[in-house]
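So the chains spell out like this:
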Amino acid sequence: MIYQRSSALFAEAKKVIPGGVNSPVRAFKAVGGDPIFVERAKGAYLYDADGNKLIDYINSWGPMILGHAHEPVVNAVIEKAKLGTSFGMPTEIETEIAELAIQMVPNIDKIRFVNSGTEACMSAVRLARGFTGRDKIIKFAGCYHGHSDSFLIQAGSGAVTFGTPNSPGVTQGTAKDTLLAKYNDIESVERLLQENEGEVACIILEPVAGNMGCIPPADGFLQQLRALCDSHEILLIFDEVMTGFRLAKGGCQELFGIRADIVTFGKVIGGGLPVGAFAARNEIMDYLAPLGPVYQAGTLSGNPLAMAAGLAMLRELNDRSEIFSSLQEKTAYLHKGISRELSRASIAHTINRLGSMISVHFSDMPVADFDSAAAASNENFNRFFHGLLKEGIYIAPSAFETWFLCDALSYDDLDMTIKAVGTAATKLK
Ligand SMILES: *Cc1c(COP(=O)(O)O)cnc(C)c1O
């Protein structure tokens, strides 16, 4: 495959946009080479600026669970756009999508819509601090909750891909209120709670981590966190920006049978438009302005185009709940195939998978937290990435990201992917 035009477009972009991209993970900095410029996409496929067709395992980093340019979603946006694109006044569709989300997700009475996952997590933490009257938060190394200051402490995703887990520009005053625990290690949380008794407002985590590769919670980990939150009167925040409406209708609360106090959403809930949301029971949500004292706002929040896309998406997921098991079966099939090909080539690997999230780590050790994810071979990952790309398979350009499967992927696509893995494996060590 040739990427001449993409490279030319990238050279132009770099002159006017820092690093040529509007979000760092899009650059190929970790794997080397120039990023691919996309022209359009349909179903499971991307069509790039050079006319290549790629099977897409990024799916816009999660939102496109039904595939690209899904007709009901596109049509909903077109019809809404004809009526005006933003009013800064309430619209009926905001209530419709809120009602549906509350019906699909357990333990939430009210939901507020924002414009990104970052905003959702930032607002959820402010709400937790306001509600409890405490300042400190606990987060886990390798978990990513967007780029707001409090979270850029050992964050996952692009923050680790580029080796800058702690960003300059985050003040020490902010950093000291973020306590760092180890994923899947309940003792690391207990220790922090002992050392900071009465000062912690909330524990925030990805209930299935997806920003250091895919790392499911160890047996009992979420239950133990729930119990600790109850005994210390701390709020448990599930950041379901990635997992919400992807792993189950009701997300990880439903999947694991664990109640969170606040849940954040993004990605799928916007159907590919810029949407985030946070939700909780009445007691907590009524603490928000204009009802309560915690301020949170947004000129474009609840934007009609975004709500139309999100509503069309949620409606279909709600009506076709077999999608979740069908995606899981496809992912299991892919897992088996990749594992077979890598084993045949005698390449050390660990594959983590849950639902439609999967990641390949070039390590013969279990990958259960940030340290074990970071211990895998980057060199092999980079060769693997470029090897797959050559065969027309597009995965995230970083070992610290999960792959996402979408409903539009066929078993033929999966077979082509597995075959490409076999070819790419011959170039690994
Ligand atoms: C993507 C992501 C975010 C940030 O969402 P943006 O829309 O990129 O701001 C937050 N948390 C998790 C778990 C994510 O995967």
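Since the structure is predicted, the reported quantities are computational estimates derived from the model, not experimental observations.

## Looking at the domain arrangement of the protein
Here comes step 1: Under the domain assignment, the protein is made up of domain 1 (4–69 + 321–425) and domain 2 (71–319).
Here comes step 2: Listed per partner, the contact involves 38 residues of domain 1 and 40 residues of domain 2.
Here comes step 3: When domain 1 packs against domain 2, the two sides together hide about 3,100 Å² of surface, and 69% of this comes from carbon and sulfur.
Here comes step 4: In terms of surface lost to domain 2, no three residues of domain 1 exceed Phe-324, Leu-354 and Phe-370, which account for 21% of the buried area on that side.
Here comes step 5: Along the contact surface separating domain 1 from domain 2 lie one salt bridge.
Here comes step 6: At the surface where domain 1 touches domain 2, the tally comes to eight residue pairs in polar contact (both at pLDDT 80 or more).
Here comes step 7: Those elements giving two or more residues to the side of domain 1 that touches domain 2 turn out to be helix H12 (322–344), strand S11 (350–354), strand S12 (357–361) and helix H13 (370–374).
Here comes step 8: Broken down by class, the residue content of the side of domain 1 that touches domain 2 amounts to 22 nonpolar, nine polar and seven charged.

## Quick word on the site of the ligand
Here comes step 1: In the region of the ligand, the neighbouring residues are Ser-116, Gly-117, Thr-118, Tyr-144, His-145, Gly-146, Glu-206, Asn-211, Asp-239, Val-241, Met-242 and Lys-267.
Here comes step 2: Contact between the ligand and Asp-239: a nitrogen atom at 2.7 Å from a side-chain N or O atom of the residue.
Here comes step 3: Separating an oxygen atom of the ligand from a side-chain N or O atom of Lys-267 is a distance of 2.6 Å.
Here comes step 4: Look at the ligand: alone it shows 380 Å² of surface, and the protein chains cover 83% of it.
Here comes step 5: Grouping the constituent residues of the shell around the ligand by class yields three nonpolar, six polar and three charged.

## Quick look at the side chain of Arg-246
Here comes step 1: Within the secondary structure, Arg-246 sits in the loop between strand S8 (235–239) and helix H9 (251–256).
Here comes step 2: Although Arg-246 is buried, it makes no salt bridge; Asp-56 carries the closest opposite charge, 9.3 Å away.
Here comes step 3: Among the polar contacts listed, one links the side chain of Arg-246 to the backbone oxygen of Gly-62, at a separation of 2.7 Å.
Here comes step 4: Apart from the residues within four sequence positions on either side, Arg-246 is in contact with Gly-62, Met-64, Ile-65, Val-268, Phe-324, Ser-356, Met-357, Phe-404 and Leu-405.

Conventions and cut-offs
- Residues numbered from 1 in each chain as written.
- Predicted model: local features only at pLDDT ≥ 70, side-chain atom pairs only at ≥ 80, totals over all residues.
- Heavy atoms only, no water.
- Domains from an automatic or database assignment.
- Contact = heavy atoms within 4.5 Å.
- Buried area = accessible area lost by both parts, 1.4 Å probe.
- Salt bridge = Lys/Arg side-chain N within 4 Å of Asp/Glu carboxyl O.
- Polar contact = N/O pair within 3.5 Å; in protein donor to acceptor, adjacent residues only side chain to side chain.
- Helix = DSSP H or I, 4+ residues; strand = E, 2+ residues; numbered from the N terminus.
- Nonpolar A, V, L, I, M, F, W, Y, C, P; charged D, E, K, R; others polar.
- Near = heavy atom within 4 Å.
- Areas by Shrake-Rupley, 256 points an atom, 1.4 Å probe, with all protein chains shown as cover.
- Buried < 20%, exposed > 50% of the residue type's maximum accessible area, 1.4 Å probe, protein only.
- Lys, Arg positive; Asp, Glu negative; His and termini not counted.

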